[in-house]
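Summary of the model geometry
Each chain, written out:
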Amino acid sequence: MNVLEIIESKKRGRELDEAQLAALVDGFTAGTVPEYQMAAFLMAVWFRGMTAAETAALTGAMLRSGEELDTSGLPSPSADKHSTGGVGDKVSLLLAPLAAACGLCVPMLSGRGLGHTGGTLDKLEAIPGYRIHLDNRGFLKIVAEQGCAIVGQSGSIAPADGRIYALRDVTATVDCVPLITASIMSKKLAAGPRTIVIDLKTGSGAFMTDLDRARELATALVAVGRSYGRTMAVVFSDMDQPLGRMIGHAVETIEAFAALRPGGRERAPADLVELTGELTAEMVRGAGLVPDLAAARVRVRAAWDDGSAYARLLAWVAAQDGRLDPDREDFSLVTAPLATEITAPRDGWLAAVDCRALGLALADMKGARRKVDDPLDLSCGLEFLPRVGDRLAKGDVIARVFCSRKDEAEAAAKRALAALAFSAEEAPARPLILERLG
Ligand code: URA
């Protein structure tokens with residue numbers, strides 16, 4: 001196969017076939033296609049786009065560059081959720097055991113955070129002893145026995161994606177719907193779930209800031225998933241304010257786990273409860289455990305309130321050697337002391353939040369990475385109290401900053417305050433779930 005012809009075809013806007021895309025990805029993985037040719041191809045895709053068939057074929061080629069987990073032996077239907085990432089997004093930590101308690105098997109591969117968004121894997125590392133690396137057999141054994149497991153993606157899962165993503169990062173080709181779709185779906189399909197629910201976040205704290213682009217991505221993700229025989233659903237959720245109250249690793253993990261404690265659903269932030277419940281219900285419905293979404297919601301609420309989701313959580317974490325002390329409010333996770341508080345500078349309404357800046361405030365305290373190899377402080381965090389549309393009086397506490405280093409806490413507090421817009425007029429509250437697809 002002539003790589004130059006493949007690049008030339010894409011440059012002219014012609015449709016590539018499965019064999020051409022496989023040859024390109026296989027050659028790149030094997031080292032026979034050099035980076036400069038792959039970079040030229042990626043830029044041609046950025047300008048010319050891809051048809052649905054091409055996107056599915058590219059996904060398949062990237063998927064087959066590594067191992068695919070065989071979930072056919074799991075005792076219950078398998079389902080997973082993927083979030084496009086946001087600030088305060090701790091949903092996976094409670095959704096996985098909740099879905100397990102509803103009768104699903106959840107084999108979840110997670111990633112680390114970069115930039116202003118957090119990663120589930122980093123949050124799990126705040127649990128003493130928790131093993132994020134398991135071999136595939138050990139991983140699937142825990143999923144079969146406990147109903148869920150969450151591990152880091154090993155280098156054997158879609159390795160072509162890792163290398164292509166690194167090239168996209170330095171060739172200005174990250175923001176391209178077919179490339180994003182192939183990247184996300186090659187990894188998601190490799191873990192083998194039959195139902196995939198996407199939490200597509202839009203807004204200032206999200207990777208997709210506008211809804212039209214998010215719709216384009218959702219359509220492409222659903223088309224690829226279906227072409228591989230998966231049941232797909234997309235929930236578009238708002239990321240123009242943080243999800244829940246906590247932003248940071250240990251503090252988010254505590255908030256997520258506390259929500260599953262007996263009576264926790266009533267005490268937990270309403271947006272976290274709503275989004276987790278809806279995404280889990282979509283998984284339950286998609287897997288065919290119940291006939292419709294109303295019945296799925298009933299099942300989710302029962303598993304949440306009867307303590308079975310909490311029992312699953314403790315069993316799953318213990319199976320991955322994590323040490324949680326359920327008798328302690330903080331489950332024995334290490335959190336930094338309260339360093340400072342942010343208060344409302346005047347009377348008025350909270351009108352808008354630059355969510356990305358709140359994520360960067362965490363980075364000011366080394367709680368988020370600016371570069372892939374930055375070390376993280378898992379103990380620091382922010383507690384952000386109001387919601388957009390809330391009325392505030394001068395002096396009301398808006399946020400608490402937890403950090404062991406006063407100067408970094410002050411810098412984070414300054415950035416967080418600058419991220420907020422206040423209005424003298426009543427400001428509308430923001431809806432959480434914007435629309436659905438699938
Ligand atoms: N997340 C991914 O995994 N890949 C992309 O290309 C973008 C977001």
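Residues numbered from 1 in each chain as written. Predicted model: local features only at pLDDT ≥ 70, side-chain atom pairs only at ≥ 80, totals over all residues. Heavy atoms only, no water.

Focus on the packing of helix α5 (residues 91–101) against helix α14 (residues 293–305)
Axes are the key here: two packed helices are described by the angle between their axes and the distance separating the axes. At a minimum axis separation of 9 Å, α5 and α14 run at an interaxial angle of 105°. Overall, the two elements α5 and α14 adopt an arrangement that is roughly perpendicular. Judged by residue contacts, Leu94, Leu98 and Ala101 of α5 engage Val300, Ala303 and Trp304 from α14. (Axes fitted to C-alpha atoms, helices over the stretch in contact; angles between N-to-C directions. Helix = DSSP H or I, 4+ residues; strand = E, 2+ residues; numbered from the N terminus. Parallel < 35°, antiparallel > 145°, perpendicular 65-115°, else oblique. Contact = heavy atoms within 4.5 Å.)

Examining the packing of aromatic side chains
Per the stated rule, a full pass over the model turns up four aromatic pairs. When the ring of Trp46 is compared with that of Phe47, the centres are 5.0 Å apart and the planes differ by 75°; the resulting orientation is edge-to-face. For Phe47, a relative accessible area of 62% translates into the label exposed. Here the aromatic rings of Phe257 and Trp316 are separated by 6.3 Å at their centres, their planes lie at 85°, and the arrangement is edge-to-face. (Phe/Tyr/Trp six-rings, centres within 6.5 Å; stacked < 30°, edge-to-face > 60°. Buried < 20%, exposed > 50% of the residue type's maximum accessible area, 1.4 Å probe, protein only.)

Describing the layout of surface pockets
Estimated volume of the second largest pocket: approximately 490 Å³. Along the walls of the second largest pocket sit 18 residues, with Met246, Ile254, Glu255, Ala258 and Glu329 positioned nearest its centre. Among the residues forming the lining of the second largest pocket, the class breakdown is nine nonpolar, two polar and seven charged. (1 Å grid on protein atoms, 1.4 Å probe; cavity = no way out; pocket = protein on both sides within 12 Å on 5 of 7 lines; lining within 4 Å. Points joined across faces, edges and corners; volume = space filled by probe spheres on them. Nonpolar A, V, L, I, M, F, W, Y, C, P; charged D, E, K, R; others polar.)

Digging into the domain arrangement of the chain
Each domain of the chain was delimited in the assignment, giving domain 1 (3–49), domain 2 (79–319) and domain 3 (338–423). Around 1100 Å² of area is buried between domain 1 and domain 2 when both sides are counted, 77% of it from carbon and sulfur atoms. Looking only at domain 1, the three residues that lose the most surface to domain 2 are Phe28, Leu42 and Trp46, adding up to 50% of its buried area. The tally of links between domain 1 and domain 2 comes to zero salt bridges. If you list the elements that add at least two residues to the side of domain 1 that touches domain 2, you get α2 (18–30) and α3 (35–48). No other element matches the seven residues that α3 contributes to the side of domain 1 that touches domain 2. Residue classes in the side of domain 1 that touches domain 2 are distributed as eight nonpolar, two polar and one charged. (Domains from an automatic or database assignment. Buried area = accessible area lost by both parts, 1.4 Å probe. Salt bridge = Lys/Arg side-chain N within 4 Å of Asp/Glu carboxyl O.)

What to know about the site of the ligand
With respect to spatial proximity, the complete set of residues near the ligand consists of Tyr165, Arg168, Ile180, Ser183, Ile184, Lys187 and Phe207. The contact in question runs from a nitrogen atom of the ligand to an N or O atom on the side chain of Ser183, over 2.6 Å. Calculation on the ligand without its partners gives an accessible area of 240 Å², and the protein chains cover 82% of this total. Elements represented by at least two residues in the shell around the ligand include exactly α8 (159–169) and α9 (177–190). (Near = heavy atom within 4 Å. Polar contact = N/O pair within 3.5 Å; in protein donor to acceptor, adjacent residues only side chain to side chain. Areas by Shrake-Rupley, 256 points an atom, 1.4 Å probe, with all protein chains shown as cover.)

Quick look at empty space enclosed by the protein
All chains considered together, the criterion is met by three cavities of 30 Å³ or more. In this structure, the largest cavity encloses a volume near 70 Å³. Surrounding the largest cavity, 14 residues form its lining, Thr117, Gly118, Ile247, Glu252 and Leu362 being those nearest its centre. Counting residues per element, the ones that place at least two in the lining of the largest cavity are β6 (246–248) and α11 (249–260). Residues of the lining of the largest cavity, tallied by class, amount to four nonpolar, seven polar and three charged. Considering only enclosed or pocket space, the second largest cavity measures out at about 50 Å³ in volume.

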